[in-house]
Amino acid sequence: MNNNNYIIYNKIKWCLGCGNYSIINQLSKILNILKIKKKYIVIVSGIGCSSRLPYYINLKGVHTIHGRAFSIATGIKLSNNKFNVWVITGDGDSFSIGLKHLLHTIRRNININILIFNNGIYALTKGQKSYTYNNNNSFNIISLMLSSGATYVARTLYNNPINLRKILLSANKHIGTSCIEIIQNCPIYNNIKDKIKNILYLKNNSYLIYNNKCIILKKNKPIIKIFNTNLNNIWTHNIYNLYKSFILSNFNKINNRLPIPIGIIYKKKIAKNKKYIKKKYINDIKKLFNKNIIF
Ligand code: SF4
Ligand SMILES: [Mg+2]
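Residues numbered from 1 in each chain as written. Chains lettered and ligands numbered in written order. Predicted model: local features only at pLDDT ≥ 70, side-chain atom pairs only at ≥ 80, totals over all residues.

J.: Just to check I follow, could you spell out the site of ligand 1 for this structure?
T.: W14, C15, C18, N20, C49, N119, A123, C186, P187, I188 and Y189 make up every residue found near ligand 1. Split by residue class, the shell around ligand 1 holds nine nonpolar, two polar and no charged. (Near = placed C-beta within 6 Å. Nonpolar A, V, L, I, M, F, W, Y, C, P; charged D, E, K, R; others polar.)

J.: I would appreciate a short explanation of helix α1 (residues 20-33) in the present structure.
T.: A turn of α-helix holds 3.6 residues, and therefore any two residues three or four places apart point the same way. For α1, spanning 14 residues, the distance from its first C-alpha to its last is 20 Å, which sits close to the expected 20 Å at 1.5 Å a residue. Listed in full, the buried residues belonging to α1 are N20, I23, I24, Q26, L27, S28, K29 and L31. Positive backbone phi, approximately 55°, marks K35, located one or two places after α1. (Helix = DSSP H or I, 4+ residues; strand = E, 2+ residues; numbered from the N terminus. Expected span 1.5 Å × (residues − 1). Buried ≥ 20, exposed ≤ 12 C-beta atoms within 10 Å, placed from the backbone.)

J.: Looking at this structure, I do not really get the pairing of strand β12 (residues 221-226). What am I missing?
T.: On a regular strand, one side chain projects to one face of the sheet and the next to the other, so that they alternate. Alignment of strand β11 (residues 213-218) against β12, held across six bridges, turns out to be antiparallel. When the sheet's bridge partners are listed, C214 is paired in β12 with K225. Counted between consecutive antiparallel strands, the loop separating β11 from β12 contains two residues, among which K219 sits at a positive phi close to 45°. (Pairing = 2+ DSSP bridges.)

J.: Help me understand the packing of helix α2 (residues 69-79) against helix α4 (residues 99-108) in this model?
T.: The packing of two helices is summarised by the inter-axis angle and the distance between the axes. Running from N to C, α2 and α4 cross one another at 35°; their axes reach a closest spacing of 8 Å. Counted together, F70, S71 and T74 of α2 and H101, L102 and T105 of α4 form the full contact between these two elements. Partitioned by chemical class, the residues of the contact of α2 with α4 number two nonpolar, four polar and no charged. (Axes fitted to C-alpha atoms, helices over the stretch in contact; angles between N-to-C directions. Contact = placed C-beta atoms within 7 Å.)

J.: I'm lost on the environment of N256 in this one. Help?
T.: With respect to the helices and strands, N256 occurs in the loop between α8 (251-254) and β13 (260-267). For the pair N256 and I97, spaced 159 residues apart in the sequence, the C-alpha separation amounts to 28 Å.

J.: Honestly, the nonpolar core in this entry has me stumped. Any pointers?
T.: Nonpolar side chains in soluble globular proteins generally cluster together in the buried interior. Counting residues in hydrophobic clusters, the biggest one holds 59 residues, and the most contacted among them are V87, L115, V153, I180 and I182. One finds C18, C49, I121 and C186 within the second-largest nonpolar core, a separate group that totals six residues. (Core = buried A, V, L, I, M, F, W, Y, C linked by C-beta atoms within 7 Å.)

J.: It is not clear to me how the sheet that holds β12 should be interpreted in this structure. Could you clarify?
T.: In a beta sheet, neighbouring strands are held together by backbone hydrogen bonds and run either parallel or antiparallel to one another. In space, the three strands of this open sheet follow the order β10-β11-β12, with antiparallel pairing throughout. The sheet is open, and its two edges are formed by β10 (209-210) and β12, each paired on a single side. The pairing of β10 with β11 spans two bridges and is classified as antiparallel. Within the sheet, the bridge partner assigned to I209 lies in β11 and is C214.

J.: Before we go on, may I ask you to explain the pairing of strand β1 (residues 41-45) in this structure?
T.: Within β1, four of the five residues are buried, leaving the element largely enclosed by the surrounding structure. Bridge analysis of β1 against strand β3 (residues 84-90) gives five bridges, and the strand direction is parallel. In the strand pairing of β3, I43 is matched with W86. Across four bridges, β1 lies against strand β2 (residues 60-63) in parallel orientation. Bridge pairing in β2 links V42 to K60.

J.: Is there a simple way to explain helix α7 (residues 242-249) in this structure?
T.: Turning to α7, its buried residues are K244, S245, L248 and S249. Taken around the axis of α7, the buried residues stretch over an arc of 140°, which confines them to a single face. (Arc of directions from axis to C-beta.)

J.: What should I look at first to understand unusual backbone geometry in this one?
T.: Glycine aside, a negative phi is what most residues show, and trans is what most peptide bonds show. Phi at N212 is positive, roughly 60°, even though this residue is not glycine. Relative to the elements of secondary structure, N212 occurs in the loop between β10 and β11. We note that N220 has phi near 65°; this positive angle belongs to a residue other than glycine. Residue position: N220 is located in the loop between β11 and β12. A tally of 8 C-beta atoms within 10 Å means that N220 is categorised as exposed.

J.: What is the right way to read the packing of α1 against helix α6 (residues 161-173) from this model?
T.: Relative to each other, α1 and α6 sit at 50°, their axes nearing to 9 Å. On the basis of their axis angle, the class for α1 and α6 is oblique. Of the two elements, α1 crosses α6, and the hand of that crossing is right-handed. Here S22, I23, Q26, L27, K29 and I30 of α1 lie close against α6, whose contacting residues are P161, L164, R165, L168 and L169. Of the residues contributing to the contact of α1 with α6, the split by class is seven nonpolar, two polar and two charged. (Parallel < 35°, antiparallel > 145°, perpendicular 65-115°, else oblique. Left-handed = near helix turned anticlockwise from the far one by under 90°.)

J.: I would appreciate a short explanation of the sheet that holds strand β8 (residues 178-183) in the present structure.
T.: The eight strands lie next to each other as β2-β1-β3-β4-β8-β7-β13-β9, forming an open sheet whose pairing is mixed. Among the strands making up the open sheet, the edge pair consists of β2 and β9 (199-201). Averaged over all pairs of adjacent strands, the angle between strand axes in this sheet comes to 20°, irrespective of strand direction.

Listed below in structure tokens is the structure:
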């Protein structure tokens, strides 16, 4: 089987070397792995370079308007729960004009996957800095999504296909809104390829160890230590710990020497009884239809 068989290569207009190629490639691969019927997969995008993705993939797709992909995706999911919905958005699209749509979608916890291609700029309009551009007053998007009640938040990298694929698969498995920040390189207007270093890969129930260093928590403050064989005080990642996930999401604000955490940052524990979850979820949809909840 050709794992990339959804991609329409001759239609792609992204610049050579754009990080989006890697993301579309992995998305197409996992949609094949998942074996979801093609007629049920829907790709919904906003506006921006990344949001051109629905044109480049041979699946149902909607290229919507600026910042509104989340709301349109919500409508699509509510119209038929069988739809497997993927929102493709950029940092400019989702964290400026689309911000309130994004946060309310997260709050409602609709069962969709949101892929935020974060290159720190408005690439389509020639590279103006976005609110996520890496400087002292940039938005902390992971922390913002957690504060809005996100039940699944992860960060991955465009140039680590294995991690990217793993995160996409796990996000799709999560019942509820899955939010994934994908750090993406724009070689034309914001080439960050060489700046993506000092990475800490997170694994549930594993120590925070990277590059011969480790992280300990002292009075709720993350501290970098040289790693030795003493494992006693090293922070162990627990994807279900909301409090620690906030600290992880704020690493770059606390101390710029702290690494960039990559992987699942937080996931809300869900009841083991899947039937219950399904029933509860369907009830929530009915409530939405009956307008019994605040929009
Ligand atoms: S401008 Fe940047 S983000 Fe847009 S297609 Fe070109 S490389 Fe990709
Ligand atoms: Mg952007």
